[in-house]
Each structure stands twice: as C-alpha cells, then as structure tokens.
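# Close look at the chain arrangement
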Amino acid sequence: MRIKMEEIKKSNEKGKKVVRKRVKVTKKNTNKTTEKTAENKPAIVKNQIIKKQNNLPKISVKENKLPKVSKKENLAPAVSKKDDLTPTAIRKKNKSIINLGLEENPIAIKEDFMFKKENLKIIPLGGIEEIGKNITVFEYGNDIVIVDCGVAFPEEDMLGIDLVIPDFSYLEKNKEKIRGLVITHGHEDHIGSIAYLLKQMNIPIYATKLTCGLIQNKLQEHHLDKVAKLNEVRQGQTIVLGKMRVEFIRSCHSIPDSVALAIHTPVGTVVHTGDFKIDYTPIDDQKIDLGRLAELGNKGVLALLSDSTNAERKGYTMSESTVGEVFDKLFLNCKKRIVIATFASNMHRVQQIVNSAVANNRKIAVCGRSMINMIQTAVELGYIHAPKNIFIDLDMIKNYSDDQLVIITTGSQGEPMSALTRMANGEHRKININSNDLVIISATPIPGNEKYVSKVIDDLMKIGAEVVYSALADVHVSGHACQEEQKLMLSLVRPKYFIPVHGEYRQLIAHRNTARQMGIPADNIILMKNGKIVELNETEAKVSGTVQVGKIFVDGLGVGDVGNIVLRDRQHLSQDGLIVVVLTMDSEGNVVAGPDIISRGFVYVRESENLMDEVKAIINIEVMKCVDNHIRDWSTIKNSIRDALKDYIFQTTKRNPMILPIVMEI
Ligand SMILES: [Zn+2]
Ligand SMILES: [Zn+2]
C-alpha cells in the first residue's frame, strides 16, 4: 500500500481550503487577533464551535440535560468570546440537531415510526486479540466515526520492521462517510498511526488538549502539521458528527487528559471506556467522571466497549499516588545519584519524580529522545508542573554532586538500543553508572521483554549500582483497571450488550467471565475479532460479516512494501545466511569466468576452503550437465545449480543458507 503523492497533495489542498473557509466564518464573531492566529495556525482550531457547513462536522456544547460541569463550560469565557452563543445561534444549533433526527426530539421520534431505523455497525479494525493498533469504526447510515488510530510494535519474528499499522482499506472504500477521528488519549497504541491514515485521507481529528499536543508532535515528524484538521475538545464536551453525537467523558489513566466516550446514536448510546483505571487519589486530582457514567447507565446504554488489559487480575489497581510515596522514601536521605527509568508516556510517573526531586533539592536531567519530547510537550501545555530551572541539560550534570541529581531515562523495557541499556553496558556517552548510583526501574516488563530487563538489571548490579525494581519495591502501578474496577464500570453503565476490547484473546475471555458473573447474559456478550461487523439496534445484536483488516508493516520510509515474502527472506537470511554464486557464460554455454562464491552469515570462507572448492566443483558439474542437454535457458541453469548446491550443503553442514546464482552472459 504505497502512499500516492498525488493523493496526499490533493487531500492537503482540500484541507487548506476547508481551513480557509472556517476562518471566514469565525470572522463575524471574533476580533482580528483571533483571526490572525487562526490563519497562522490553521491546524488547531481551539475551543471553537464549528458551524455546520461544507459538510464539516459540528462541535456543539451539549444542551440542557448535561451535568453541571458542562453547563459551566457553556458559559466559559473562552467559548463565549470566540463563539456565537447568542439566543439566535443556540436556536439555530438546536434546529440543526432536530434536523439530524436525534433521540431527544419528538419530531425525530415521529420520523422513526415512518422510517425503519438503520442498525449501528461497530467494526474493530485493530486492537482485538492483540495489544496495540487500536482502531474502531462506528458506522450509522452514511456516517462513520473512527475511534483511535494506534500502532503496534513489531513482534520478534518481524525482522527489521519499525512499526505495525492497521489496514485502512475499509476506510479508504468508505472515505465519503467519515465524519471524524476521535481520540481517547495520547498513547502510541491510540495515536501512532494517525499520520499514516492522514496521508490517505485528511479527515478531521478531535481530541483533548494534551492529546492534540502529542498528535501535533507526530504530525510534525511527517510534515502534516500544517494541513491536518486537529480540533481541540474539552472533557465534558459533546460534538456532533453526522447522525452521531460523541461525548467526551473525563477518565483516568497513566496519561492526563484521557477520555471515555459516549457515542449517542439514533438506536442508543454506546460507551467506549478507552484505557482506564479507577483511581480515587489520582495525582492530578482529575478523577474519572463516575457520576456521568452512572447517569448514562440510568438512561440506558445499548453497549459497552471496555478495556480488558488487566482482566485476568483480581482486585484493584493501586493508585498512582502510592508510587510517589515509595519514591519519597527512596529519595529521603539518599546520598547517591538517582537514575529512574520509566515509560516516556507515563506522565503521572514523571510528575511524581519531579515532586520527589523538588522535595529533596535535586535537579533533573532527562535522557532519551522520546522522554525529552514528551516532557517538553507536557510542561508547555501545563500537564507537568515543575518549578523553573529544575530541568537541566544532560551536559550540565558534571556541575552537580551525585546527591543533587535525578536522571529520568527511557529503557525501562531493557530495549537493546535504549539509554538505560547503553548505561548498563558502559556505552553511554554522557552517563557512567557506578556504585554511587541508585537505579530505579519504575515499570514492569511487558510480556516478552522479561529477559531484556533482567539482563539490564544484572549488568547494572555488576557495575556496582544499587537497583530497585518492581519485584523489590512498589515502584510501579498499572494504568489499567483490574477486575473489581471493571465490575464497577459494568455496574455503573449497565449495558445491554457488552463487548470486551483492548486485549489479547485470554484477556477478552477473562473480561467476558467477569461480565457473566455480573449477570450479563452470555448471548449479550459479544467477543469480537478484528474486521468483524457487529450490527446493533434497540432489540438485537448480530455479527453480520467481515471487512478487510491486517497488519501493514512500516520499515524506514516504506509503508506496506514489506510483506510476508520479504519477511520470510529476512528470517531465512537471519537463520542460515547467504551464498551468492557468480558465473559468466558465453552464448555457447561455456563458462568463461567463475564460478565465484560470496557468502555472508553462512561460514567463514577463508577457513572453509575445502567446502568452497567442493561447491565450485558441483557448480561446474551442473553447468556441464546443462550444456550436454542443450539447455540454454538461464533460469533453468540457475535452478539446477541452486538445487544441487542446496542438497550438497545440507548434507555436509546441516545448514540451509539462501542460495543466489547469478549468471552473466557475454
Ligand atoms: Zn493507554
Ligand atoms: Zn492502550
């Protein structure tokens, strides 16, 4: 699936046009300064009500039936200054909602008697039976809303692959229907593929402030930041996307500004939890809006899609703030330099490191590109609170004593190229670990990474460092709900249908079992597969077909050009190496030069002269046979050389290298 430059260009132009129009509309209601900002920064339209025009989706602040928070937001100066909230405008807005035929309004209900409602389709294009590349399609009639657009990281056998993104074929086919891409939070498995999708279609994106900031960083890397239609929404806000309304509900996860979604459709409301945990003492005091979830539950929820990551774990996930207490204890009276490795994306954790550093008069140096980018964005947008000058450049650490320093680094998974691994190997250019270092690994290994993490811990200890990791102290908690929290979610939302998402198969099964315990009938629990269509209406749910899904590999600048055949070759090469046979023949079929043998990753040629002589002899015999049989066809000659060599090499070495005969004719 190569990206067609023309298409990017076209969609870029389209994007520009739309933004220009949008600026025109705001002119009436804004002063000149705002206009200018909008022109300079067409990508982000902040806190703005976008009116229904040119088929653009409309953001509207939800009316009447909202909890208090949202009402307050209606009156927030940021909104009212920029946007036209005069009675006429509100009337107009109400009218447009009426025309959309939504549930609250009597005219729409009347219409429903006349026309049979369509079914709501939910189609996961990724994120089911896997961790990563979360993306789900909600389709009602002629409208599609996409929720999240993440990447997965390559598995061990995907040699040389950088990223795995979803197959967007279904979206490509239904481009005209797409009203928007809604993002729940700023983690890679939810935002990492956005740039690749935008290269195929420049659709509007809706996300909260921090999530927008992180998406913007990604778009910049792909030079899409100027053309993307990135719209900032607030927790508590509702936007209208075609016949669906999407409500952003404040949630709680390991990254701030996370949301759960209520997707209101003509056949009912669907709640999508996004990634969540229920933390009663979150460090930013932003508790998940359980009240709103309960309210939705009371009104009636058609279906719940819920995070299954920790569905196998009993009990509750501990509060993030418990980690801060452990940090404080470790920092107190510590005379050593402290190095903490964690996920770059775990901003709450970074905040707690900052807090402990401030309390103990330590400066912070940050190591690892992703960590630096993440912290920079979070500090700029006000999601990490830190006193001025607490962060110092890594080059400045020599000016401070060990007990005045904290180093935050990437590499908590023991990734071979990461900063922490290089420190442990003594290969880091700026940080030399020694016995006066306390290294805290504030993460647990993701399944598959255990041996890397163990190796790093061993290496650090061998150098003499003191190492604290999750098996020794509570220096990490999960960002995902365990069983008891999942039960709370189920009991508040009380959905008619339950769809476990975001997890491996066994996690989805565990989540299903929890829902069964909670009294949800087995028939009302839908185990999805990527690409399966589930169709829902007020009375029934059925799996109605499949759409194309898959894994698209990103390798360097290539998207989709590495497929299974290339991967198979890479695996073959990585296991048994390569032999290249070069020989030059004249038109009579006589060998005039060679055969020359080049080998990589098979045997060390200089120490295997006998083998190489044998190989040459076999090639000569094969060529002679071909000449005797009057075979002039190059590919037949190449094949017989390959087959003869393959047998011989396997018999003598029990190895199976890739054999590449090259025949040149003069
Ligand atoms: Zn997440
Ligand atoms: Zn996730």
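Everything here concerns the structure above.
Residues numbered from 1 in each chain as written. Chains lettered and ligands numbered in written order. Predicted model: local features only at pLDDT ≥ 70, side-chain atom pairs only at ≥ 80, totals over all residues.

### A word on the nonpolar core
Formed by 140 residues in total, the largest nonpolar core has its most connected members in Val145, Ile146, Ile215, Leu261 and Ile408. Here this core gathers at least three residues from each of two domains, domain 1 (5–314 + 481–553) and domain 2 (321–468). Those residues in contact with Ile215, other than ones at most four positions away along the chain, are Ile183, Ile191, Ile194, Ile205, Ala207 and Leu230. If you look at the next biggest cluster of nonpolar residues, it comprises 14 residues, including Ile597, Val623, Ile641 and Leu645. (Core = buried A, V, L, I, M, F, W, Y, C linked by C-beta atoms within 7 Å. Buried ≥ 20, exposed ≤ 12 C-beta atoms within 10 Å, placed from the backbone. Domains from an automatic or database assignment. Contact = placed C-beta atoms within 7 Å.)

### Some thoughts on the pairing of strand S10 (residues 238–241)
Relative to strand S11 (residues 244–250), S10 is paired through four bridges, and the arrangement is antiparallel. Residue pairing in the sheet places Ile239 in a bridge with Val246 of S11. Between S10 and the antiparallel strand that follows it, S11, lie two residues; Gly242 among them carries a positive phi value of about 65 degrees. (Pairing = 2+ DSSP bridges. Helix = DSSP H or I, 4+ residues; strand = E, 2+ residues; numbered from the N terminus.)

### What to know about the environment of Ile205
You can see Ile205 is positioned in strand S8 (residues 205–207). Put simply, Ile205 and Ala228 are 23 residues apart on the chain and 8.0 Å apart in space, counted from C-alpha to C-alpha. In this view, Ile205 contacts Leu181, Ile183, Ile194, Ile215, Ala228, Lys229, Leu230 and Asn231; residues no more than four positions away in its chain are not counted.

### Description of the sheet that holds strand S24 (residues 551–555)
Strand order in the open sheet formed by three strands is S6-S24-S25, with antiparallel pairing between adjacent strands. Strands at the two margins of the open sheet, each flanked by one partner only, are strand S6 (163–166) and strand S25 (558–559). For S6 and S24, the ladder comprises four bridges, and the chain directions are antiparallel. Paired with Val164 across the two strands is Phe553, which belongs to S24.

### A look at the sheet that holds strand S16 (residues 363–367)
Reading across from one edge, S17-S16-S18-S15-S19-S20 is the order of the six strands in this open sheet, with parallel pairing throughout. Two strands in the sheet have a free side with no partner beyond their single neighbour: strand S17 (391–392) and strand S20 (466–468). Relative to S20, strand S19 (residues 437–441) runs parallel, the two being bridged by three bridges. By the bridge assignment, Val439 is partnered in S20 with Val467. Along the sheet face, helix H14 (residues 369–380) touches S16 and strand S18 (405–409) and points at about 125 degrees away from the line of S16. (Axes fitted to C-alpha atoms, helices over the stretch in contact; angles between N-to-C directions.)

### Brief notes about H14
For H14, built from twelve residues, the straight-helix expectation of 16 Å at 1.5 Å per residue is met to within 8% by its first-to-last C-alpha distance of 17 Å. Every buried residue belonging to H14 is among Met371, Met374, Ile375 and Ala378, and all of these are buried. Along the axis of H14, the buried positions cluster into a sector of 95 degrees, meaning they face one direction only. Exposed side of H14, more than 90 degrees from the buried face: Arg369 and Glu380 are the residues found there. Residues of H14 that are buried sit in contact with helix H10 (209–221), helix H13 (347–359), S16 and S18. Gly382 lies just past H14 and shows a positive phi near 85 degrees. (Expected span 1.5 Å × (residues − 1). Arc of directions from axis to C-beta.)

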